[in-house]
Amino acid sequence: MQQPPHRRIGLIVAGPTRHGIFASVPALRMRLGPIVAASARVASRAANALRHGWPAQDAAELFENVILLAHGRPEDLLALFEALFAAYRNRLDRHLVILADVAPCPRLHELLSRRGLSTAQAATVASHPPVVLVNAPRKWRRHVETLLAAANARTLFLNEPPLTLYQDVSSETGEMARRLQTRLRAAGLPRHETKLLAAMIWGMHNPSGRR
């Protein structure tokens, strides 16, 4: 039986934590439990920086949590997960990994899928209250929404990875906001949500205001 997602989440971190989801949704830090990084020293440093969580003793302690959050460079996360899976042989079919602000990486997704892990991709939008765009399996959506609501954040679910959308928008510097709205609607957002959100995303990735 899965533990309630609002209790603790495990963290796999491979990069600075001062940006991304913890900056946008600071209350999420209070949900942190065991932390895994490249070394116990780095994990301890992350716990100190976030002021929550603690260095995991081993992979088994991390996987006691059914919801995990991974943050950092995808190639570094790949190495961390390979080490974790070498130390922990059990299947993880009842676990979810939220890849927070992690660039798309087919090798990482393949590795996680091979061990049975479900994956979600998340990216934050600078707003108040914070908005988190999430692409997640339907069976996990209620859990993700509950977790983020407990951290005072609003969840909007997309039908495609949000960072893929971000990359496409930032690479097409001539794209107008109305085209982004169309893209967001195609990604699954209701029409009434898209106008303000499109303006926020455009402003984040095109600060000069080019149209």
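Preceding this paragraph is the structure being described.
I will try to describe carefully the structure that is included in this document. Note that the coordinates shown come from a computational prediction; the quantities given were computed from them, not determined experimentally. (Residues numbered from 1 in each chain as written. Predicted model: local features only at pLDDT ≥ 70, side-chain atom pairs only at ≥ 80, totals over all residues. Heavy atoms only, no water.)

**With respect to the environment of Gly33**
Here Gly33 is to be found in strand 2 (residues 32-36). Taking the C-alpha atoms as reference, Gly33 lies 7.2 Å from Leu11; in sequence the two are 22 residues apart. (Helix = DSSP H or I, 4+ residues; strand = E, 2+ residues; numbered from the N terminus.)

**Considerations on the pattern of salt bridges**
Per the stated rule, a full pass over the model turns up 3 salt bridges. Here Arg91 and Asp93 are joined by a salt bridge, their closest N and O atoms 3.0 Å apart. For Glu110, the salt bridge goes to Arg114, with nearest N and O atoms at 3.5 Å. Here the residue Glu110 and the residue Arg114 both occupy positions in helix 5 (residues 106-114), the gap between them amounting to 4 residues, near one helical turn. (Salt bridge = Lys/Arg side-chain N within 4 Å of Asp/Glu carboxyl O.)

**Quick look at the sheet that holds strand 2**
If you walk across this open sheet you meet the 8 strands as 3-2-1-4-5-6-7-8, and the pairing is mixed. The outermost strands of the open sheet, each flanked by one partner alone, are strand 3 (54-55) and strand 8 (154-157). By the bridge criterion, 4 bridges tie strand 4 (residues 67-72) to strand 5 (residues 96-100) in an arrangement that is parallel. Note on strand 5: the bridge partner recorded for Leu69 is Ile98. (Pairing = 2+ DSSP bridges.)

**A short note on the nonpolar core**
Counting residues in hydrophobic clusters, the biggest one holds 33 residues, and the most contacted among them are Leu11, Phe22, Leu28, Leu69, Ile98 and Val134. When neighbours within four sequence positions are excluded, Leu11 is seen to be in contact with Phe22, Leu32, Pro34, Ile35, Val36, Leu50, Leu62 and Leu69. Among the nonpolar cores identified, the runner-up in size contains 25 residues, and Ile12, Val36, Cys105 and Leu112 belong to it. (Core = buried A, V, L, I, M, F, W, Y, C linked by side-chain atoms within 4.5 Å. Buried < 20%, exposed > 50% of the residue type's maximum accessible area, 1.4 Å probe, protein only. Contact = heavy atoms within 4.5 Å.)

**Quick word on the pairing of strand 6 (residues 118-125)**
Where burial is concerned, most of strand 6 is hidden: 8 out of the 8 residues are buried. Neither face of strand 6 is open: one carries Ser118, Ala120, Ala122 and Thr124, the other Thr119, Gln121, Ala123 and Val125, and all of them are buried. The pairing of strand 5 with strand 6 spans 5 bridges and is parallel. Opposite Leu99, over in strand 6, you have Gln121 as the bridge partner.

**A short note on helix 5**
The complete set of buried residues in helix 5 reads Leu108, Leu111 and Leu112. Buried residues of helix 5, seen end-on, are gathered within an arc of 95° and therefore sit on one face of the element. When the buried face of helix 5 is taken as reference, the exposed residues oriented beyond 90 degrees from it are Pro106, Arg107 and Arg114. One or two steps after helix 5, the chain reaches Gly116, where phi turns positive at roughly 95°. (Arc of directions from axis to C-beta.)

**A short note on the pairing of strand 8**
Bridge analysis of strand 7 (residues 131-135) against strand 8 gives 4 bridges, and the strand direction is parallel. Paired with Leu133 across the strands is Leu156, a residue of strand 8. Viewed along the sheet, the connection from strand 7 through helix 6 (residues 138-150) into strand 8 turns out right-handed. (Right-handed = clockwise from strand over helix to strand, strands pointing away.)

**Some remarks on the packing of aromatic side chains**
The geometry of two aromatic rings is summed up by the distance between their centres and the angle between their planes. Per the stated rule, a full pass over the model turns up 3 aromatic pairs. Centre to centre, the rings of Phe63 and Phe85 are 6.3 Å apart; their planes meet at 20°, and the pair counts as stacked. Placement of the pair is Phe63 in the loop between helix 3 (59-62) and strand 4 and Phe85 in helix 4 (residues 74-87), with a sequence separation of 22 residues. On the basis of relative accessible area, Phe63 is assigned to the buried category, the value being 4%. Aromatic side chains Phe81 and Phe85 sit 5.7 Å apart centroid to centroid with 40° between the ring planes, which places their arrangement in the tilted category. Taken as a pair, Phe81 and Phe85 lie in helix 4 at a separation of 4 residues, close to a single helical turn. Overall, the relative accessible area of 0% leaves Phe81 in the buried class. For Phe85, a relative accessible area of 4% gives the class buried. One aromatic cluster is present, formed by Phe63, Phe81, Phe85 and Tyr88 through successive ring pairs. (Phe/Tyr/Trp six-rings, centres within 6.5 Å; stacked < 30°, edge-to-face > 60°.)

Interpretation note: all reported values are geometric properties and have no functional meaning in isolation.
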